[in-house]
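Given next are the chains, with one letter for each unit.
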Amino acid sequence: MSRLGQTCLGAAAGLVIDRLVGEPPADAHPVAEFGKAMERVEQALWADRRRAGVVYAAVGVAIGAAGGRLMRSTATAVAVVAAGRELRRVAMRIGEAVVVGDIAAARAELPTLVGRDPAGLDESGIAAAVIESVAENSVDAVIAPAFWGAVAGAPGAAVYRAINTMDAMVGRRNERYSNFGWAAARLDDAANYVPARVFAALVAVLNQERARQIVDTVRQDAPAHPSPNAGVAEAAVAAALDRKLGGPLSYEGVAEERPFLGRGSQPEPDDIESAVRLADRVEIAAIGLLVLAWLIDRLLDRSSG
């Protein structure tokens, strides 16, 4: 069996482990420890220059690669850095609160999932925020870790999570990070480019009755989104659910005019469960594809032997 076959099987196993076990405890989570380390790196290196941010990003990538080599196992690395189970659990908890009309509880829980200001959101606004987060983070927390684990083994999965974490920490477009966070943000865009499109393709395959609408919505609406990858994932889910996502929002107290994605009606509370189920099916399909790649690799190995 080739190394690619091994890493594909390991990536599939990592997603299965995350589905069964979930994330490590917060006080012992390697990603949390990485975040603490990068806070110290930022304190030492911060300057309002892109060059300083490049050094910061390089240090983070090196730490991620070293961590992946220490873990050695692709399955272990993917299981540690994936978070699909927790993403879907939190989304469902918010959805259940909205469905029963407990808007205060839903608003209080929302910041654990999204960065936008929850105070002014009604039921539909909360539903849209959760669905958008499920779409975007299914790429960040499921497809991308498995993709990079399959491509580059444990170091690939760990480096991906390092890049994604750095983007969350310093990739924001504000006065402090517009230059310093540039490198981390661009790395994250590059690392998620293929996984976001794999996610959208799986959404289309799993919803063949709406596949044409999904493809058209991604092509027409996603390019207007400020993120080259989040827009793809959110547009695909919007079309699959026949809902309209996006639009104006407030992030860290600053109003943003986001494009609308999709042509359907505004989301409703019950649509959160539909989005979670779709994300779950996408993950299962990704596991199936990885196992299929492993099986093909074994067959090719046997035929060549």
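Relevant structure appears above.
Note that the structure is a prediction, hence the values are computed from the model and not measured.

Undergrad: When you look at the overall build of the protein chain in this model, what are you seeing that I'm missing?
TA: The helix and strand inventory of the protein chain stands at eleven helices and four strands. Its C-alpha radius of gyration of 19 Å places the protein chain within 12% of the 19 Å reference for a compact globule of 305 residues. Referenced to the eigenvectors of the C-alpha coordinate spread, the extents of the protein chain come out at roughly 60 × 50 × 35 Å. Per-residue burial for the protein chain yields a buried fraction of 50% across its 305 residues. Across the protein chain, contacts joining residues at least 24 apart in sequence account for 70% of those joining residues at least 6 apart. Looking at the protein chain as shown, the accessible area adds up to about 14,200 Å², and 57% of this sits on carbon and sulfur atoms.

Undergrad: Before we go on, may I ask you to explain the nonpolar core in this structure?
TA: Of all hydrophobic cores here, the largest spans 65 residues; its most connected members are I94, I126 and V130. Here this core gets 15 residues from one element, more than from any other, and that element is helix α7 (residues 123-170). Contacts of I94, omitting those with residues within four sequence positions, involve A106, E109, L110, L113, I126 and V130. Core analysis: the second largest hydrophobic core is formed by 18 residues, M38, V159, M166 and A184 among them.

Undergrad: Hey, could you run me through the packing of aromatic side chains in this one?
TA: Geometry of an aromatic ring pair is reported as the spacing of the ring centres plus the angle between the planes. Across all of its chains, the model carries two aromatic pairs by this definition. For the pair Y56 and F180, a centre-to-centre distance of 5.1 Å together with 55° between the ring planes defines the contact as tilted. Of this pair, Y56 sits in helix α3 (residues 50-71) while F180 sits in the loop between α7 and α8 (182-206), placing them 124 residues apart in sequence. Relative accessible area serves as the criterion here: at 0%, Y56 is assigned to the buried category. For F180, a relative accessible area of 0% gives the class buried. Ring geometry for F147 versus W148: centroids 5.0 Å apart, planes at 85°, classification edge-to-face.

Undergrad: Explain the pattern of salt bridges here, please?
TA: Pairing between side chains of opposite charge can happen when their charged atoms approach one another. According to the stated counting rule, one finds 15 salt bridges in the structure shown. For E86, the salt bridge is made with R89, and the minimal N-O distance between the two is 2.6 Å. Residue E86 and its partner R89 are located together in helix α5 (residues 84-99), separated by three residues, close to a single helical turn. Ionic contacts of the salt-bridge type, sharing partners, join the residues R19, R88, D280 and E283 into one network.

Undergrad: Sorry if this is basic, but what is going on with the packing of helix α2 (residues 30-45) against α7 here?
TA: Think of two packed helices as two axes; the pair is described by the angle between the axes and how far apart they sit. In contact at an axis separation of 10 Å, α2 and α7 are set at 55° when each is read in the N-to-C sense. As far as their axial angle goes, α7 and α2 are oblique. Of the two possible hands of crossing, α2 and α7 adopt the one that is right-handed. Facing α2, whose interface residues are V31, F34, G35, M38, E39 and E42, α7 presents R161, A162, T165, M166, M169 and V170. Taken together, the residues of the contact of α2 with α7 break down into seven nonpolar, two polar and three charged.

Definitions and limits used
Residues numbered from 1 in each chain as written. Predicted model: local features only at pLDDT ≥ 70, side-chain atom pairs only at ≥ 80, totals over all residues. Heavy atoms only, no water. Helix = DSSP H or I, 4+ residues; strand = E, 2+ residues; numbered from the N terminus. Rg over C-alpha atoms; globule rule 2.2 N^0.38 Å. Buried < 20%, exposed > 50% of the residue type's maximum accessible area, 1.4 Å probe, protein only. Contact = heavy atoms within 4.5 Å. Areas by Shrake-Rupley, 256 points an atom, 1.4 Å probe, with all protein chains shown as cover. Core = buried A, V, L, I, M, F, W, Y, C linked by side-chain atoms within 4.5 Å. Phe/Tyr/Trp six-rings, centres within 6.5 Å; stacked < 30°, edge-to-face > 60°. Salt bridge = Lys/Arg side-chain N within 4 Å of Asp/Glu carboxyl O. Axes fitted to C-alpha atoms, helices over the stretch in contact; angles between N-to-C directions. Parallel < 35°, antiparallel > 145°, perpendicular 65-115°, else oblique. Left-handed = near helix turned anticlockwise from the far one by under 90°. Nonpolar A, V, L, I, M, F, W, Y, C, P; charged D, E, K, R; others polar.

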